[in-house]
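Take a look at the letters that make up each chain.
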Amino acid sequence: MSAGVEILDFLLWCVQEGGVLLSVGAALAVLAGYVYALRDGKVTEKEARYSKNSHRVLDIVLVLMVASGLAIVALHFSLAQEAVFYAPVFLFKGILMAG
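These remarks concern the structure in this document. (Residues numbered from 1 in each chain as written. Predicted model: local features only at pLDDT ≥ 70, side-chain atom pairs only at ≥ 80, totals over all residues. Heavy atoms only, no water.)

### Looking at helix α1 (residues 3–38)
Here's step 1: Helix length check: α1, at 36 residues, gives a terminal C-alpha distance of 52 Å against a target of 52 Å (1.5 Å per residue), a fit within 8%.
Here's step 2: Those residues of α1 that sit buried are Val5, Leu12, Gln16, Gly19, Ser23, Ala26, Ala29, Gly33 and Ala37. (Helix = DSSP H or I, 4+ residues; strand = E, 2+ residues; numbered from the N terminus. Expected span 1.5 Å × (residues − 1). Buried < 20%, exposed > 50% of the residue type's maximum accessible area, 1.4 Å probe, protein only.)

### With respect to the layout of surface pockets
Here's step 1: If you add up the space inside the largest pocket, you get close to 370 Å³.
Here's step 2: Lining the largest pocket are 16 residues, and of these Gln16, Gly69, Ile72, Phe90 and Lys93 lie nearest its centre.
Here's step 3: Breaking the lining of the largest pocket down by element, the ones donating at least two residues are α1, α2 (45–78) and α3 (88–98).
Here's step 4: Ranked by residue count, the leading element in the lining of the largest pocket is α2, at six residues. (1 Å grid on protein atoms, 1.4 Å probe; cavity = no way out; pocket = protein on both sides within 12 Å on 5 of 7 lines; lining within 4 Å. Points joined across faces, edges and corners; volume = space filled by probe spheres on them.)

Structure follows, in structure tokens:
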């Protein structure tokens, strides 16, 4: 692989892993907000806005993860590296993202 392709592969990997990191953080924020809202049994406007913003982050990072995953597939396919698609870690990441 040339240096340019390696840099592109690394950047796509960073976007995908950053999406995973942000999605876990946003999911934790949603859970914490839900537990916090349950303390009095009422959802205030501030708590609803917090939840809506957390869900917006989840939507954005899901798009980032899927788009970067498709770009990674296209990159390896264009380099005739189809064997990468059958690696257990690649299949497992695909299954996790689909779930």
